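Overview (structure and organization)
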Amino acid sequence: MNLRLFLAASLLVTGAARAQLATSKVLTLDAARRIAAAAAVEARADRTSAIAIVDAGGALVYFERLDGTFPAASAVSFDKAHTAATFHHATKDFEDAVHNGRGALTGVKEMTPLQGGVPIVVDGKVIGAVGISGASSAARDEAIARAAVAAVAQLSSDPSKAPAVTTLPAATVKAGFAKGSVLLDRGDYQVHASRRDGPGKAEVHQIDTDVFYVLEGTATLVTGGKVPDLSPTGPYELRGSRIDGGDVRTIGPGDVIVIPGGTPHWFREVKAPVLYLAVKVAGDGVAQ
C-alpha cells in the first residue's frame, strides 16, 4: 500500500470511529453542589437529611449531611442514589413493587428498595441521581429528592429561555397597594404589595424569610416570643392570636425589617393604612 492509499484508509477508519462515538452530558461537581443546595432548602422544614449525589455510574460526586441527622442516613442516602442511577428508576418504584408482593427484589444486593432515590435525567439520558435519607418521613425523603431533581431543569435550560426582567408599571403597583396583593411570584421568592388597615394575627413562616420596606403609616411590630395558640393554616404557615413576650418596635416610612424564617411576628397595633413592600424568600426556615 502506497502512502496516499495508507492515508486515505486511515482517514476512513478514523471517520468511522468518530461516527460511532456519541456525546452526552455529564454531572459536574458544581452542578451536584447546586442540586444538593436545592435539596437542603427543601429539607430545612425537616431539619435533618443526608443528601447524596452520584453520577451515571453510581459513583459519589457530592455528599452533605445536615446537623442532627442520624449517622446511618449517610450510607442509606448513597445506596438510594446508587440504585436510582444504575437501575434508571426511582427507588420508590422498587419499594412499591415489594409492597405489592414482589419480595424477591429484596434479594438483589445491588438494590435498595426504599423511596428517596430519584434519577437525574437530561435530554432523555440518566446522568446521575439524588438519594435522601433521614428526613421526617419516607415520604419527605422522596419529596426532597424530587425537589432537588427539579432544580436540574434550571441548570440545564437554554440561557436564552431564562426568565425575562420584569417591570411592574406604577399603575399595577398602586392598584396592588389599594387592596393588598401579590405583585410577582417566582416560586422561590414573591413580591407583595402589602396593606394593613388594622392589627393582624401572629404569624410564623417556617421556611420563608420576610423583607419589609415601609412606605406609608406606622405600626407596632412584635417579633420573637411565643405564640400560645399556634396552629397550621397552610404548608409551612402557622398562625395564632397573639405573641407573649418578644421584642416590640415601632416601624414607619423608610424602615426596612428582615424577619428570618421561623420567627414569630405580629402587627399588634396599626395606624391605618400601613403600606409596605414585602419580599418573601424561601430560605433557612426552622420548623416550630
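Read on for a plain summary of the structure. (Residues numbered from 1 in each chain as written. Predicted model: local features only at pLDDT ≥ 70, side-chain atom pairs only at ≥ 80, totals over all residues. Heavy atoms only, no water.)

The next point concerns the sheet that holds strand β4 (residues 125–133). Ordered in space as β2-β1-β4-β3, the 4 strands form an open sheet in which the pairing is antiparallel. The open sheet has two free edges, formed respectively by β2 (60–65) and β3 (117–122), since each of these has just one partner strand. Going across the sheet, the axis of each strand differs from the next one's by a mean of 15°, ignoring polarity. Strand direction decides the pairing type here: strand β1 (residues 50–55) and β4, joined by 6 bridges, are antiparallel. Note on β4: the bridge partner recorded for Ala52 is Gly131. Against the sheet, helix α2 (residues 29–43) touches β1, β2, β3 and β4, its axis set at about 30° to β2. (Pairing = 2+ DSSP bridges. Helix = DSSP H or I, 4+ residues; strand = E, 2+ residues; numbered from the N terminus. Axes fitted to C-alpha atoms, helices over the stretch in contact; angles between N-to-C directions. Contact = heavy atoms within 4.5 Å.)

Summed over all chains, the structure comprises 13 salt bridges. Put simply, Asp197 and Arg195 hold a salt bridge, and the shortest N to O gap is 3.2 Å. A relative accessible area of 31% places Arg195 in the partly exposed class. A salt bridge links Lys280 to Asp210, with the shortest nitrogen-to-oxygen separation between them at 2.8 Å. (Salt bridge = Lys/Arg side-chain N within 4 Å of Asp/Glu carboxyl O. Buried < 20%, exposed > 50% of the residue type's maximum accessible area, 1.4 Å probe, protein only.)

Quick look at the pairing of strand β13 (residues 265–282) now. Looking at chain direction, strand β6 (residues 189–196) and β13 are connected through 8 bridges and run antiparallel. Bridging across to β13, Arg196 finds its partner in Val274. Bridging between strand β8 (residues 208–223) and β13 involves 14 bridges; their strand directions are antiparallel. Paired with Thr220 across the bridge in β13 is Glu269.

Examined against the element boundaries, Leu238 turns out to sit in strand β10 (residues 237–240). Among the residues examined, Leu238 registers a relative accessible area of 8% and is labelled buried. Spatially, the C-alpha atoms of Leu238 and Val204 are 5.1 Å apart, while their sequence positions differ by 34 residues.

The next point concerns the packing of aromatic side chains. Aromatic ring pairs are reported here in terms of the distance separating the ring centres and the angle at which the planes meet. Considering all chains together, one arrives at 4 aromatic pairs under this definition. With 6.1 Å between their ring centres and 40° between their planes, Phe212 and Phe267 make a pair best called tilted. Taken as a pair, Phe212 in strand β8 and Phe267 in strand β13 lie far apart in primary sequence, 55 residues in all. With a centroid separation of 5.5 Å and 20° between ring planes, the pair formed by Phe267 and Tyr276 is classed as stacked. Of the two residues, Phe267 and Tyr276, both sit in the buried class. (Phe/Tyr/Trp six-rings, centres within 6.5 Å; stacked < 30°, edge-to-face > 60°.)

Bear in mind that shape data such as this cannot, by itself, settle questions of function.
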